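Structural overview
So the chains spell out like this:
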Amino acid sequence: MAKIVYGFGSSHGPLLATPPERWDLRAADDRKNPAHPFRGRIYTFPELVEARRGEKDFVKASSLEVRQSCFERNHRAMDRLAERLAEVNPDIIVVVGDDQHEWFYEDIQPSFTVYCGEQVINAAIDPQILKTKSPGIALAMSASHPPEDQAYPVPVGLATAIIEQAIADEFDVAVSMEQRANERGVIGVGHAVGFVYRRIVKDRPIPVVPILLNTYFLPNRPTAKRCYQFGQSIGSAIAGWNCGRRGFRCPHAHGHQEPRYQDDLRRA
Ligand SMILES: [Fe+2]
């Protein structure tokens, strides 16, 4: 049986990849955004400033000194996560995160998706896409993309077990078996997985099951309650996954990319 050996949650917020002296680039974007959601209502930027006036000392909190201290504290915490993960050295990582118009757009926007292709690629940054982004966003995107495409094996047996358990637990989960592509090639896995693999896993080829949530887009965002229940379902699937019976080979002998290991994954 498989066993959960470590669990963690991590922000992948853009300011983690933006030097504090350049955080104002994001404020420039925010000023252009006509629809800021805040506590159940939508505000323009000036309306939001007015609504939150007096709530907090925003001027002091946005001084360069405070920014720098927050930035360093966050990165110390990220470093601890990376060190802990290296110590634990898991056979597989299951990453649950948002998809923000990376694989899914207006044509189809599933609430929960389990990816179960044989591998997933975290693609190098696409210069064409970068050109369409504002300077603040372009800067932050660098944190989720490797200098060259990186391929990670996907343990199809575990991904399938998670899907089967989801169905048994009454989640009619979406399944993706093939990474999306456009005329320039494969579209890399989203930043939710990319950030974790760059910043915390440090691009090591640890097999991954990517699970994507619709975090933002109305009207089918799953509720926090459903996300919690889905997490429980994933936990049951892992605990009940008979990796030995399915022929899964433990990759701890640094054999992640060996052809025999890939064959085992296919049979799993
Ligand atoms: Fe995100």
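We now turn to the structure provided with this report. Worth saying up front: this structure is predicted, and the values here are computed from it rather than measured. (Residues numbered from 1 in each chain as written. Predicted model: local features only at pLDDT ≥ 70, side-chain atom pairs only at ≥ 80, totals over all residues. Heavy atoms only, no water.)

**Section: the coordination of the iron ion**
Taken together, the protein donors to the iron ion comprise His12 (NE2), Asp98 (OD), Gln100 (OE1) and His191 (NE2), at separations of 2.1 to 2.3 Å. Sequence spacing among the residues donating to the iron ion works out to H-x85-D-x1-Q-x90-H. Taken together, the residues His12 in the segment before helix H1 (24–32) and His191 in helix H8 (residues 191–200) connect sequence positions 179 residues apart. Residue His12 is classed as partly exposed on the basis of its relative accessible area of 24%. (Donors = N, O, S within 2.8 Å, 3.2 Å for Na, K, Ca; no water. Helix = DSSP H or I, 4+ residues; strand = E, 2+ residues; numbered from the N terminus. Buried < 20%, exposed > 50% of the residue type's maximum accessible area, 1.4 Å probe, protein only.)

**Focus: helix H9 (residues 224–240)**
Note on helix geometry: an α-helix contains 3.6 residues per turn, so any two residues three or four positions apart are oriented the same way. Over its 17 residues, H9 runs 24 Å from end to end, which matches the ideal 24 Å to within 8%, given 1.5 Å per residue. Along H9, the residues that are buried comprise Phe230, Ser233, Ile234, Ala237 and Ile238. The buried residues of H9 all sit within an arc of 135° when viewed along its axis, so they share a single face. Pointing more than 90 degrees away from the buried face of H9 are the exposed residues Ala224, Lys225 and Tyr228. (Expected span 1.5 Å × (residues − 1). Arc of directions from axis to C-beta.)

**Re the packing of aromatic side chains**
For the structure shown, the criterion picks out eight aromatic pairs. Ring centres 4.4 Å apart and planes at 50° place the aromatic pair Tyr152 and Tyr197 in the tilted group. With Tyr152 in strand S6 (residues 150–153) and Tyr197 in helix H8, this pair connects stretches of sequence that are 45 residues apart. Assessed through its relative accessible area of 0%, Tyr197 is described here as buried. Three or more aromatic residues joined by ring pairs make a cluster, and in this case those are Phe112, Phe171 and Phe230. Note that Arg84 overlies the ring of Tyr6, its terminal NZ or CZ placed 5.3 Å from the centroid. (Phe/Tyr/Trp six-rings, centres within 6.5 Å; stacked < 30°, edge-to-face > 60°. Lys NZ or Arg CZ within 6 Å of the ring centre and 35° of its normal.)

**Considerations on the sheet that holds strand S7 (residues 174–176)**
Pairing within the open sheet is mixed, and its four strands lie in the order S3-S10-S4-S7. In this open sheet, the two edge strands, each paired with only one partner strand, are strand S3 (93–98) and S7. On average, each strand axis in the sheet is tilted by 25° relative to the strand beside it, whichever way the strands run. Taken together, the six bridges between S3 and strand S10 (residues 208–213) define a ladder with parallel strand orientation. Bridge pairing links Ile93 to Val208 in S10. (Pairing = 2+ DSSP bridges. Axes fitted to C-alpha atoms, helices over the stretch in contact; angles between N-to-C directions.)

**Examining the pattern of salt bridges**
Tallied over the full model, the rule gives nine salt bridges. The salt bridge involving Arg67 is made with Asp24; its shortest N-O contact spans 2.8 Å. In this pair, Arg67 is assigned in helix H4 (residues 64–88) and Asp24 in helix H1, connecting sequence segments 43 residues apart. On the basis of relative accessible area, Arg67 is assigned to the buried category, the value being 9%. Asp24 sits in the partly exposed class, given a relative accessible area of 46%. Where Arg53 meets Glu50, a salt bridge forms, and the shortest distance between an N and an O atom there is 3.3 Å. Members of the salt-bridge network, linked through shared partners, are Asp126, Glu183 and Arg184. (Salt bridge = Lys/Arg side-chain N within 4 Å of Asp/Glu carboxyl O.)

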